[in-house]
Amino acid sequence: MSDFKIIFAGPVGSGKTTAIATLSDEPPVCTNQNATDMTKERKSKTTVALDYGTMSLDEKEKIHLYGTPGQERFNFMWDILTSNGLGLILLLDNTRRDPMKDMEFFLQAFKDYIDKTSIAIGITQTDVAPLLTMERYHQKLKQLGFNSAIFEVDARNFSDMSQLVQALLFTIDPGLEYSA
Ligand SMILES: Nc1nc2c(ncn2[C@@H]2O[C@H](COP(=O)(O)OP(=O)(O)OP(=O)(O)O)[C@@H](O)[C@H]2O)c(=O)[nH]1
Ligand SMILES: [Mg+2]
């Protein structure tokens, strides 16, 4: 495998920019701007183009981490950023009104890419709004035809995020490992 590129997707505030900052070896490139629309009710800054960071897999290989903007009005970046790449990490914010609906929306929006690659899902903010049951997510995923790894994660926590990356790498190639 020559191209180690992973995409982060999910709704506004689900922690994509934070996750890349948590995982990246170098200070990440990010395009956060002051939020102007209803996004600012949730947080003051939002990604308008992309986030970029890197993570060493071993001495020779790096994973390139790309974060997409959560806002749908920037969805032209979703297509641009998903060219090539190994797979998708979908982050869902558990404090949003209907995170299960968000999951369905993003699985559909990135369907072509997921079909060609792989996906792992992280649910953030479960310390703020406790997760009712993981079983419902598993059932919904099954109903939608997915059999993805799904975990509760905190995007600020390195070990949570590296576990999610590891799960994605494992579904791509069980021989690929990265040691934190
Ligand atoms: N309490 C709590 N806060 C979290 C958790 N994960 C992320 N956060 C915080 O939630 C916020 C997420 O913001 P971003 O990382 O900018 O979200 P984003 O997905 O990049 O959002 P957009 O770029 O607007 O689409 C940050 O303030 C994080 O510190 C979590 O599990 N618990
Ligand atoms: Mg962002």
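On a predicted model such as this, the values are computed, not experimentally measured, just so you know.

Draft legend 1. Quick look at the coordination of the magnesium ion (ligand 2). Here the magnesium ion (ligand 2) is held by the protein donor atoms Thr17 (OG1) and Thr47 (OG1), which lie 2.0 Å from it. Here Thr17, found in helix H1 (residues 16–23), pairs with Thr47, found in strand E3 (residues 45–56); they are 30 residues apart in sequence, far enough to count as distant. On the basis of relative accessible area, Thr47 is assigned to the buried category, the value being 4%.

Draft legend 2. Inspection of the sheet that holds strand E4 (residues 62–67) at higher detail. Taken together, the seven strands give an open sheet; going across it, the order is E2-E3-E4-E1-E5-E6-E7, and neighbouring strands pair in mixed fashion. Bordering the open sheet on either side are strand E2 (29–34) and strand E7 (149–152), each of which pairs with just one other strand. Going across the sheet, the axis of each strand differs from the next one's by a mean of 20°, ignoring polarity. Where strand E1 (residues 5–9) and E4 come together, four bridges link them in parallel fashion. Pairing of Phe8 across the sheet is with Gly67, part of E4. On the sheet, H1 packs against E1, E2, E3, E4 and strand E5 (87–93) and is oriented at approximately 25° with respect to E3.

The rules behind each value
Residues numbered from 1 in each chain as written. Chains lettered and ligands numbered in written order. Predicted model: local features only at pLDDT ≥ 70, side-chain atom pairs only at ≥ 80, totals over all residues. Heavy atoms only, no water. Donors = N, O, S within 2.8 Å, 3.2 Å for Na, K, Ca; no water. Helix = DSSP H or I, 4+ residues; strand = E, 2+ residues; numbered from the N terminus. Buried < 20%, exposed > 50% of the residue type's maximum accessible area, 1.4 Å probe, protein only. Pairing = 2+ DSSP bridges. Axes fitted to C-alpha atoms, helices over the stretch in contact; angles between N-to-C directions. Contact = heavy atoms within 4.5 Å.

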